[in-house]
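Structure at a glance
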Amino acid sequence: MAKKLEKENITLKTEEVKKVTKEEAKPKKKVYFVKKVDGRWQVILREGKKIIKYFDTKVEAEEFANKTAQNQNGTVLVHASKGKNKGRFQ
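Parameters and conventions
Residues numbered from 1 in each chain as written. Predicted model: local features only at pLDDT ≥ 70, side-chain atom pairs only at ≥ 80, totals over all residues. Heavy atoms only, no water. Salt bridge = Lys/Arg side-chain N within 4 Å of Asp/Glu carboxyl O. Helix = DSSP H or I, 4+ residues; strand = E, 2+ residues; numbered from the N terminus. Buried < 20%, exposed > 50% of the residue type's maximum accessible area, 1.4 Å probe, protein only.

**Quick look at the pattern of salt bridges**
Under the definition given, this model contains two salt bridges. With a closest N to O distance of 3.9 Å, D56 and R40 form a salt bridge. Highlighted residues: D56 in the loop between strand 3 (51-55) and helix 2 (58-71) and R40 in strand 2 (residues 40-45), separated in sequence by 16 residues. On the basis of relative accessibility, which here comes to 59%, the residue D56 falls in the exposed class. Taking the shortest distance from any N to any O, the salt bridge between R46 and E47 comes out at 3.0 Å.

Shape descriptors only; they carry no functional weight alone.
Have a look at this one:
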């Protein structure tokens, strides 16, 4: 007794199939910038348009950014006081 198997034509709508790219699969790391603007130091997110917090000294701003980045699994990028990037990632 031989059984015949028939192939079924299965069609999927494009809405049902979602391809996941490598970028979508990995969560993005948050990057916190510490930079001096108008005599005050500010902490800001890379994609953000709002300043998270202002500080009078660079040390205070770096401490806050490092603590926040550690809690959010992010990194900190510190700019020199003249606006040039020091190139330091933590």
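So that's the structure; there's more coming.
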